[in-house]
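Understanding the architecture of this molecule
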Amino acid sequence: VFEKIQHRDPAAWNAIISAHISLGKSEKAVSLFFRMQKEGVQPNQFVFTCTLKACSIMSSLWLGKLLHHQIVLEAMETHVTVGNALLDVYSKCGDISGARNVFDRLPDRDVISWGSMAMGFSQHGFDHAAVELYEDMEKEGAIPNRAIFLHIVKACGNIGAIEQGEHIHDEIISMGFLEKDIILGTALVNMYAKCGDLEKAKKTLEELP
């Protein structure tokens, strides 16, 4: 059907690129992205976002940077969905300075922006930065989701930040996450154990539903 369309617009290209990604064919998706431009069609924010997802799946930092350069030229870097997709590529590929640069340039950060940055810090050993990120979230009035809490709790345990961990524990309880999230509850038990407070670890374990 796609090949029979005489005048393919960005929406058609985005549909076929997205379809290939959904089927696990990220390399083909990227080749379609370049074919699209070769045929004279400029990618929009949705095509960039979709193709960056393919880069993230392939853990291709050089390709992500190539698209980033083009996104800057098209003045789309500060669009939240494009920025989040860029942030995800840098974070998953371990380029934390690149991720932070994208994050700091986003004028409007949503929960996905904060989550990608927290994931990058947590998974690559920047535990102090992860805890500071949570403090920045509170200052800006952003509301964490359970994935963000999971990354920050892990970071608190790694650096022995028990006071911050207790504060986050209270926030998790107030938001009702512990009522149905055994993974987050286990992370809290692990945090207290790593911080050396075995009594609090045992108490938290016993309180888990």
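Residues numbered from 1 in each chain as written. Predicted model: local features only at pLDDT ≥ 70, side-chain atom pairs only at ≥ 80, totals over all residues. Heavy atoms only, no water.

Examining the packing of helix α6 (residues 96-105) against helix α7 (residues 111-123)
Closest axis-to-axis distance for the α6/α7 pair is 10 Å, and the angle between their directions is 160 degrees. Judged by the inter-axis angle, α6 sits roughly antiparallel to α7. Judged by the sense of rotation from one axis to the other, the crossing of α6 with α7 is left-handed. Here Ile-96, Ala-99, Arg-100 and Phe-103 of α6 come into contact with α7, specifically with Ser-113, Trp-114, Met-117, Gly-120 and Phe-121. When its residues are assigned to classes, the contact of α6 with α7 shows 6 nonpolar, 2 polar and 1 charged. (Axes fitted to C-alpha atoms, helices over the stretch in contact; angles between N-to-C directions. Helix = DSSP H or I, 4+ residues; strand = E, 2+ residues; numbered from the N terminus. Parallel < 35°, antiparallel > 145°, perpendicular 65-115°, else oblique. Left-handed = near helix turned anticlockwise from the far one by under 90°. Contact = heavy atoms within 4.5 Å. Nonpolar A, V, L, I, M, F, W, Y, C, P; charged D, E, K, R; others polar.)

Regarding helix α11 (residues 182-194)
With 13 residues, α11 extends 18 Å from end C-alpha to end C-alpha; this agrees with the ideal 18 Å at 1.5 Å per step. Taken together, the buried residues of α11 touch α9 (146-159), α10 (162-174) and α12 (198-207). Between the side-chain oxygen at the start of α11 and the backbone nitrogen of Ile-183 there is a gap of 3.2 Å, and the oxygen is on Asp-181. Where α11 ends, the next residue or the one after it, Gly-196, has phi of about 90 degrees, a positive value. (Expected span 1.5 Å × (residues − 1). Polar contact = N/O pair within 3.5 Å; in protein donor to acceptor, adjacent residues only side chain to side chain.)

Here's the deal with the packing of helix α5 (residues 80-92) against α6
At their nearest, the axes of α5 and α6 sit 8 Å apart, and the two run at 165 degrees to each other. In terms of their interaxial angle, α5 and α6 are classed as roughly antiparallel. Judged by the sense of rotation from one axis to the other, the crossing of α5 with α6 is left-handed. Each of Gly-83, Leu-86, Leu-87, Tyr-90 and Ser-91 in α5 lies in contact with α6, whose residues at this interface are Ile-96, Gly-98, Ala-99, Val-102 and Phe-103. Looking at the contact of α5 with α6, its residues break down into 7 nonpolar, 3 polar and no charged.

Focus on the environment of Leu-67
In this fold, Leu-67 is placed in helix α4 (residues 61-73). In this structure, the C-alpha to C-alpha distance between Leu-67 and Phe-48, residues 19 residues apart in sequence, is 7.6 Å. Apart from the residues lying within four places of it in its own chain, the contact partners of Leu-67 are Phe-33, Phe-48, Thr-51, Leu-52 and Cys-55.

A look at a nonpolar patch on the surface
Taken together, the side chains of Phe-34, Trp-62 and Leu-66 define a hydrophobic patch exposed on the protein surface, amounting to about 350 Å² of accessible area. Within the element layout of this structure, Phe-34 appears in helix α2 (residues 26-38). (Patch = residues over 30% accessible without salt bridge, like charges linked within 9 Å, V, L, I, M, F, W, Y side chains within 5 Å. Areas by Shrake-Rupley, 256 points an atom, 1.4 Å probe, with all protein chains shown as cover. Salt bridge = Lys/Arg side-chain N within 4 Å of Asp/Glu carboxyl O.)

Regarding unusual backbone geometry
Phi is positive for Ser-59, close to 55 degrees, though the residue is something other than glycine. Following the sequence through the fold, Ser-59 ends up in the loop between α3 (45-58) and α4. Located in the positive-phi region is Ala-75, a residue other than glycine, with phi close to 60 degrees. Take Ala-75: it is sitting in the loop between α4 and α5. Classification of Ala-75 as exposed rests on a relative accessible area of 64%. (Buried < 20%, exposed > 50% of the residue type's maximum accessible area, 1.4 Å probe, protein only.)

Structural notes on the environment of Gly-125
Note that Gly-125 resides in the loop between α7 and α8 (127-140). Since its relative accessible area comes to 52%, Gly-125 is described here as exposed. Along the chain, Gly-125 and Ala-155 lie 30 residues apart, while their C-alpha atoms are 8.2 Å from each other.

What to know about the packing of aromatic side chains
Within the structure shown, the criterion is met by 7 aromatic pairs. Ring centres 4.9 Å apart and planes at 80 degrees place the aromatic pair Phe-2 and Trp-13 in the edge-to-face group. Linking Phe-2 in the segment before α1 (10-22) with Trp-13 in helix α1, this pair joins segments that are 11 residues apart in sequence. Aromatic pair Phe-33 and Phe-34: ring centres 5.3 Å apart, planes at 75 degrees, arrangement edge-to-face. Assessed through its relative accessible area of 0%, Phe-33 is described here as buried. Members of the aromatic cluster, connected to one another through ring pairs, are Phe-33, Phe-34 and Phe-48. Sitting over the face of the ring of Phe-103, Arg-109 holds its NZ or CZ atom 4.3 Å from the ring centroid. (Phe/Tyr/Trp six-rings, centres within 6.5 Å; stacked < 30°, edge-to-face > 60°. Lys NZ or Arg CZ within 6 Å of the ring centre and 35° of its normal.)

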